[in-house]
Amino acid sequence: MPRLRKDFATRYGTWAVVTGASSGIGAEFARQLAAAGVSVALVARRADRLAALADELARDHGVGARVCAHDLASPRAADALAADVADLDLGLVVCNAGTSWKGAFLEHDPADQRRMIEVNCQAPVAVTRALGPRLAARGRGGLVIVSSTGAFQGLPWSAVYGATKAFDLLLGEALAVELKPAGVDVVTLCPGGTDTEGPMNTGVDPAKVPVKLMPVGPVVRAALAALGRRSLVVPGAVNRAGVAALRVVPRAVAAKAAGRIMKRVTS
Ligand SMILES: NC(=O)c1ccc[n+]([C@@H]2O[C@H](COP(=O)([O-])OP(=O)(O)OC[C@H]3O[C@@H](n4cnc5c(N)ncnc54)[C@H](OP(=O)(O)O)[C@@H]3O)[C@@H](O)[C@H]2O)c1
């Protein structure tokens, strides 16, 4: 496991906000941050899961843990979250919450498409805009934006999801440059297939995925270890090789190949 910076808890603590903390990658961010001595504000809709995780973190690591139950598809969620954490010494924001869907674009419920854009694109913008000024004013802190390897080319049979993740990638890349002078380190995390309930809930058959799904532990550790060191993280050697290959493959060819894989894993 790569090591975190020695000053991690002072630079990115006392508190972190983690969106999408009720399962998968977000819950693992919360667990690894708590293990590093950082208190965590947990954001998602399922308050029961957040409460159970908050109890676990307080018991196992002696850190603070606060439940902030919000639907990030709501235009009011970011301001409500900012109010929830107004009293905390905030050092890190992890924009991880996301929703996906696999299938034909023309059969995808338009309301679900809109919700996906709200949760995956509008929410990271709104949360970063609401909380970012506090990190900048403090002169030190971190921001993690969770994108995907699906961001690097068109993603047929998951077209809207892929496009939202491309948005997240470019948002994170730009903010890494813009916020650096203010002392805010930005990491964009692009996981490949990762073993969470996310892909399973959207109809992916793990037996048909051409590479092994990564466990959440190393995915999250790679992002936390990159803070203050690197701004783009693609966890896993196979995923990195795939992304590197895309630099020399024509974009239309890459989209066609991605489409073949997406069709296979969902049919
Ligand atoms: N797993 C993968 O293969 C993979 C690959 C690349 C990128 N990613 C990205 O990693 C991130 C986490 O995904 P995951 O795999 O950990 O999936 P997951 O287990 O399904 O977790 C998704 C999280 O987002 C939260 N969320 C969804 N809609 C929300 C809403 N409207 N308001 C508030 N919270 C909401 C969910 O909480 P509630 O349901 O309780 O609200 C949950 O905590 C996503 O951004 C995803 O795009 C995942």
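A brief report on the enclosed structure follows. (Residues numbered from 1 in each chain as written. Predicted model: local features only at pLDDT ≥ 70, side-chain atom pairs only at ≥ 80, totals over all residues. Heavy atoms only, no water.)

Glancing now at the overall build of the protein. Helix and strand content of the protein: 10 helices and seven strands. Relative to a compact globule of 267 residues, whose C-alpha radius of gyration would be 18 Å, the protein shows 18 Å and is just as compact. Oriented by its inertia axes, the alpha-carbon framework of the protein measures out at about 50 × 35 × 30 Å. Across the 267 residues of the protein, 52% fall into the buried class. Within the structure as shown, the protein displays about 12200 Å² of accessible surface, and the carbon and sulfur contribution to it stands at 57%. Looking at charge distribution, the protein has the averaged site of its 32 positive side-chain charges lying 8 Å from that of its 22 negative ones. (Helix = DSSP H or I, 4+ residues; strand = E, 2+ residues; numbered from the N terminus. Rg over C-alpha atoms; globule rule 2.2 N^0.38 Å. Buried < 20%, exposed > 50% of the residue type's maximum accessible area, 1.4 Å probe, protein only. Areas by Shrake-Rupley, 256 points an atom, 1.4 Å probe, with all protein chains shown as cover. Lys, Arg positive; Asp, Glu negative; His and termini not counted. Charge placed at Lys NZ, Arg CZ, Asp CG, Glu CD.)

Another aspect to go through is the site of the ligand. The local shell around the ligand holds 30 residues, among which Arg-45, Arg-46, Asn-96, Tyr-161 and Thr-196 are the closest. One of the side-chain N or O atoms of Asp-71 is found 2.8 Å from a nitrogen atom in the ligand. Within the backbone of Thr-194, one N or O atom sits 2.8 Å away from an oxygen atom of the ligand. Starting from 880 Å² of accessible surface for the ligand in isolation, the protein chains cover 92%. Secondary-structure elements contributing two or more residues to the shell around the ligand are helix H2 (24–35), helix H6 (159–179) and helix H7 (197–201). (Near = heavy atom within 4 Å. Polar contact = N/O pair within 3.5 Å; in protein donor to acceptor, adjacent residues only side chain to side chain.)

Before going further, it helps to examine the packing of H2 against helix H8 (residues 216–226). The contact between H2 and H8 brings their axes to 9 Å, and the two run at 60°. For the element pair H2 / H8, the angle class is oblique. The element H2 and its partner H8 pack so that their crossing is right-handed. Every residue of H8 that contacts H2 at Gly-24, Ile-25, Glu-28, Phe-29, Gln-32 and Leu-33 is listed here: Val-216, Gly-217, Val-220, Arg-221, Ala-223 and Leu-224. (Axes fitted to C-alpha atoms, helices over the stretch in contact; angles between N-to-C directions. Parallel < 35°, antiparallel > 145°, perpendicular 65-115°, else oblique. Left-handed = near helix turned anticlockwise from the far one by under 90°. Contact = heavy atoms within 4.5 Å.)

Below, the discussion takes up the side chain of Thr-202. Structurally, Thr-202 can be placed in the loop between H7 and H8. Using a relative accessible area of 15% as the deciding quantity, one classes Thr-202 as buried. Among all residues touching Thr-202, those that are not within four sequence positions of it are Ser-100, Trp-101 and Lys-102.

A separate point is the sheet that holds strand E7 (residues 232–233). Strand order in the open sheet formed by seven strands is E3-E2-E1-E4-E5-E6-E7, with parallel pairing between adjacent strands. The open sheet has two edge strands, strand E3 (65–69) and E7, and neither has a second partner. Note that strand E2 (residues 39–44) and E3 share five bridges and pair parallel. Across the sheet, residue Ala-41 finds its bridge partner in E3, namely Arg-66. Sheet strands touched by H6: strand E5 (141–146), strand E6 (184–189) and E7. Its angle to E6, the strand with the most contacts, is close to 160°. (Pairing = 2+ DSSP bridges.)

What follows covers the environment of Gly-198. If you trace the backbone, Gly-198 turns up in helix H7. A sequence separation of 174 residues divides Gly-198 from Gly-24, and the C-alpha atoms of the two residues are 7.3 Å apart.

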